[in-house]
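Report on the structure
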Amino acid sequence: MSWKNEIEELRKRKEKALNLGGEEKIRRQHKSNRFTVRERINLFFDNKSFQEVGILAGKSSYDKNGKLIDFTPSNSIIGQGQVEGSPVIFYGDDFTVRGGASDAAIWDKMIAAEKFANEYELPLVRFIEGTGGGGSVKTLETQGFSYVPYNPAWDLVVDNLSKIPVVSLALGPVAGLGAARLVSSHYSIMVKKTSQIFVAGPPLVEKIGEKVTKEKLGGSQIHGPNGVVDDVAENEKEAMIMTKKFLSFMPNSINELPKRKLSRDKVSRKDKFLLSVIPRNKRESYDIIPIIKSVVDKGSFFEIGRKYGLSVISGFARLNGYPIIILANNPQVYGGGWTSSASKKIIKIIDLAQTFHFPILNFVDNPGFVIGTHAEKSATIKYGAKALAAIYQLKVPICSIILRKVFGVAGAAHMNHTKYKYRIAWPSADWGSLPFEGGIEAAYKSELNKSKDPKKLAKEIHDRLNLATSPFKTAEKFLIEDIIDPRDTRTKACDWIKLAFKKLKVGPSTFGFRP
C-alpha cells in the first residue's frame, strides 16, 4: 500500500521542469548573453531560500495506458524567497519555452504571484522576458478558437502599485502585455543591448511599413532617456544589484514604515567645500551630486532615473539612518529648470514617497520652467502643472534646502506654501518672480533711452536691485525661515528628520500611485 510509484513520478516531473525548454533552447539563451530564469533565481535570492510554487504546471503527453511520455513546464516560474534576509514574492518568464508567449498555466501562475504578494503584503519582483502572458499566433491553431482580449490580473497590477513595492526587470525582448506590466512598477530596469521593450516587435512593425531591428525599435538608447524604464543596467547582475538596493529602502507594504538603519556617520559632520561650492557668478553652474552626498549619510545616496528628466535628480538616501526621498534640481542641465520629462520624473518620485511614507529632502536651485519652442511642443506647462498638483497633494513631510535660484511658478513649487514651511536657505539664495537681470532693459526702457550713458545707468540699476534681492532682507520680513552656514546643512537636516519620522502614519495614501 505504498505511494512509492507516485513519489517517483513526482520526482521525474520535477526533474523535467528543471530542464526548462531543453538543452538546445538553453544554449540559444546563453548565446544571446542571457541567463535562464532558473540561473537568475539562483543569482538573485539568498542561498537556497527560493521556494517555488506550481513547478508541476505545464503540458503533458500520455500513452494509451495513461503513462507519462513527456512533460513541458509552463513558461513562467513563481514563488517566494529571501533577498538579503527579507521575504520577496517572485514571477519570472522562461524564454526557453516558446519565447515566453502564452502557454499552459502561465496566466494562472502570473495571477497567483500578484495575489500572493497582494494578500501577504510582500514586495513583488518580476523578471520579464517575452510577452509575459501575451498571445502567440500559434495559440489559434492549438486552441481552435479565438477570444475577446482581456488583461489578466490587471486589477491586481493596479492595486499592488498602491499597496506593495513592485520591481520589474526587462531581461530580454519584452512586448505587449509584458511591456505594460513592466512599466506598471515602482522601479523598472532594462539591460543594455540584451533587452528591448516594444508594444509590438519588428515583424509586426514591418507590416506598417517600418523595417527596423529590435534594438533600434526598443533598445535602452530609446527607453532610458524617454523614461519608459527608470534605469538601465550594464548587465543582468548589475540589474539585480540595483533591485536589491531599491528594496533595501522599501517597507514590505504601505502598512509598515520604511526601516531606519544604524548610521556610523556623525550628525555633526561638516564638509568645508560647501562654503565655496556655489559660484558667486550666477551664470556659472556646479555639480549638485557632491552636495547631496555631503548632507546625507555617507554611501547612502541611490539615484533613480539617471537617463531621463536630467534637469531633476531623484532617488533614495538616509539621514542619521532614517530613509528619505531625495529631490534636487540639476543646475548643469537647463540650469535646473523644469522640462516636461523632468516634471514626469518629479510626479513619480513624489507618488512613491506618498505611497510608502518617505519624507522628502528637496535641494532647490530652480530658475523656473524651461522656455522656448521645444518646451511648448513637449507640453511643459501641462506636465509641470501635474507636478505642481502632486506636490500640493503631499501629506508626508518635506524639507527644502534653498541653494540658489527660486523663480516663477516652478520655483514656487518647492513645497506646498499653505502648510508649515520647513525651509533652510544658504546665503547664495536668489529668488523672486523672475531674475531681475533679464528684465532691466524692459522695466527701465524709458530711463535708459533718455540717458546719455545707458550702460552706466543699467549698472547702477543692477547694483540697486542686487541689494534689494539680498536673502537677508527676505529674512528680515520672515519670508524665509532660516539662513544657515552651508557647512551646518547636515546637522540641520538630521534635526528635521527626527521630527518628520514622528509625523508619519502607515496605511493607504489619499491618492493611488500613478505609473
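Sequence order as written defines residue numbering, which begins from 1 separately in each chain. Thresholds applied to this predicted model are a pLDDT of at least 70 for local features of residues and 80 or more for the giving and counting of side-chain atom pairs; totals over whole chains, interfaces and linings are not thresholded and use all residues. With hydrogens and water excluded, all non-hydrogen atoms of the structure serve as input to the side-chain values.

Turning to the side chain of lysine 244, a few remarks are in order. In this description a helix means any DSSP run of H or I spanning at least four residues, a strand means any run of E spanning at least two, and both kinds are numbered starting from the N terminus. Looking at the element boundaries, lysine 244 is found in helix H11 (residues 236-249). Buried, partly exposed and exposed residues are distinguished by accessible area as a fraction of the type maximum, computed with a 1.4 Å probe on protein chains only: under 20%, between the cut-offs, and over 50%, respectively. Counting rule applied: Lys, Arg positive; Asp, Glu negative; His and chain ends not counted. Each salt bridge in this description consists of a side-chain nitrogen of Lys or Arg and a carboxyl oxygen of Asp or Glu lying within 4 Å of one another. Glutamate 84 provides the closest opposite charge to the buried, unpaired lysine 244, separated from it by 5.1 Å. When sequence neighbours within four positions are dropped, the list of residues in contact with lysine 244 reads Leu43, Phe44, Val83 and Glu84. Any pair of residues with heavy atoms lying within 4.5 Å of one another is described as a contacting pair.

For the rest of this paragraph, the subject is the pattern of salt bridges. Between side chains of opposite charge, a pair can form when the charged atoms approach closely. For the structure shown, the criterion picks out 26 salt bridges. Two residues, aspartate 230 and lysine 348, come together in a salt bridge whose shortest N-O distance is 2.9 Å. Remark: lysine 348 occurs in helix H13 (residues 340-356) and aspartate 230 occurs in the loop between helix H10 (220-223) and strand S10 (231-233); sequence separation between them is 118 residues. This pair shows no difference in class: aspartate 230 is buried, exactly as lysine 348 is. Between lysine 492 and aspartate 482 there is a salt bridge, and its shortest N-O distance comes to 3.9 Å. With a gap of 10 residues between them, lysine 492 in helix H21 (residues 489-503) and aspartate 482 in the loop between helix H20 (471-476) and H21 connect regions that are remote in the sequence.

Most of strand S13 (residues 322-329) is tucked away: 8 of the 8 residues are buried. The pairing of strand S12 (residues 312-319) with S13 spans 8 bridges and is antiparallel. Within S13, the residue paired with glycine 315 across the bridge is isoleucine 326. Pairing between strands is defined by DSSP: at least two bridges between the two strands are required. Linkage of S12 to S13, two consecutive antiparallel strands, is achieved through a turn of 2 residues, within which asparagine 320 is found at a positive phi near 50°. Pairing geometry for S13 and strand S14 (residues 360-366), over 4 bridges, is parallel. Bridge pairing in S14 places alanine 328 opposite phenylalanine 363. When the strands point away from the viewer and the path from the first strand over the helix to the second turns clockwise, the crossover is right-handed. For the crossover from S13 across H13 to S14, the handedness is right-handed.

It is worth spelling out unusual backbone geometry at this point. One non-glycine residue, glutamate 121, lies in positive phi territory at about 55°. The topology assignment puts glutamate 121 in the loop between helix H4 (106-120) and strand S6 (124-130). Overall, glutamate 121 belongs to the partly exposed group, its relative accessible area being 25%. In this model, alanine 153 sits at a positive phi of 65°, which is unusual for a non-glycine residue. Overall, the relative accessible area of 10% leaves alanine 153 in the buried class.

On to a positive patch on the surface. Candidate patch residues must exceed 30% relative accessible area and have no salt bridge, after which like charges are joined if within 9 Å and Val, Leu, Ile, Met, Phe, Trp or Tyr side chains if within 5 Å. For the area figures, the Shrake-Rupley method with a 1.4 Å probe applies, and any residue is considered shielded solely by the protein chains shown. For charged residues, the charge sits on one atom: NZ in Lys, CZ in Arg, CG in Asp, CD in Glu. Positive charge collects at one region of the surface, where Lys395, Lys419, Lys503 and Lys505 lie side by side. On the secondary structure map, lysine 503 appears in helix H21. Taking the relative accessible area as the measure of exposure, lysine 503 reaches 49% and is therefore partly exposed.

Among the nonpolar cores identified, the biggest contains 90 residues, and Phe246, Ile291, Phe316, Trp338, Leu361 and Phe363 are the most heavily contacted of them. For this core, the leading source of residues is H13, giving 8 residues. Once you skip the residues sitting within four places of it in the chain, phenylalanine 246 turns out to touch Val167, His186, Tyr187, Phe302, Ile304, Phe316 and Leu352. Only buried Ala, Val, Leu, Ile, Met, Phe, Trp, Tyr and Cys residues count toward a nonpolar core, and they belong to the same one when joined by side-chain atoms within 4.5 Å. Residues Ala170, Leu182, Met190 and Val229 belong to the second largest nonpolar core, which totals 9 residues.

A few words now on the packing of aromatic side chains. Aromatic ring pairs: the centre-centre distance and the angle between the two ring planes describe each pair. Aromatic pairing here means that ring centres of Phe, Tyr or Trp (its six-membered ring) are within 6.5 Å. Orientation follows from the plane angle: under 30 degrees is stacked, over 60 is edge-to-face, and everything else is tilted. Throughout the structure, instances matching the rule amount to 15 aromatic pairs. Taken together, a centroid distance of 5.1 Å and an interplanar angle of 85° make the contact between phenylalanine 44 and phenylalanine 45 edge-to-face. An identical accessibility class is assigned to phenylalanine 44 and phenylalanine 45; each is buried. Relative to phenylalanine 302, the ring of tyrosine 187 has its centre 6.1 Å away and its plane inclined at 75°; by these criteria the two rings are edge-to-face. With tyrosine 187 in strand S8 (residues 187-191) and phenylalanine 302 in strand S11 (residues 302-304), this pair connects stretches of sequence that are 115 residues apart. Pair check on accessibility: tyrosine 187 and phenylalanine 302 agree, each one buried.

Geometric values such as these leave the question of function open.
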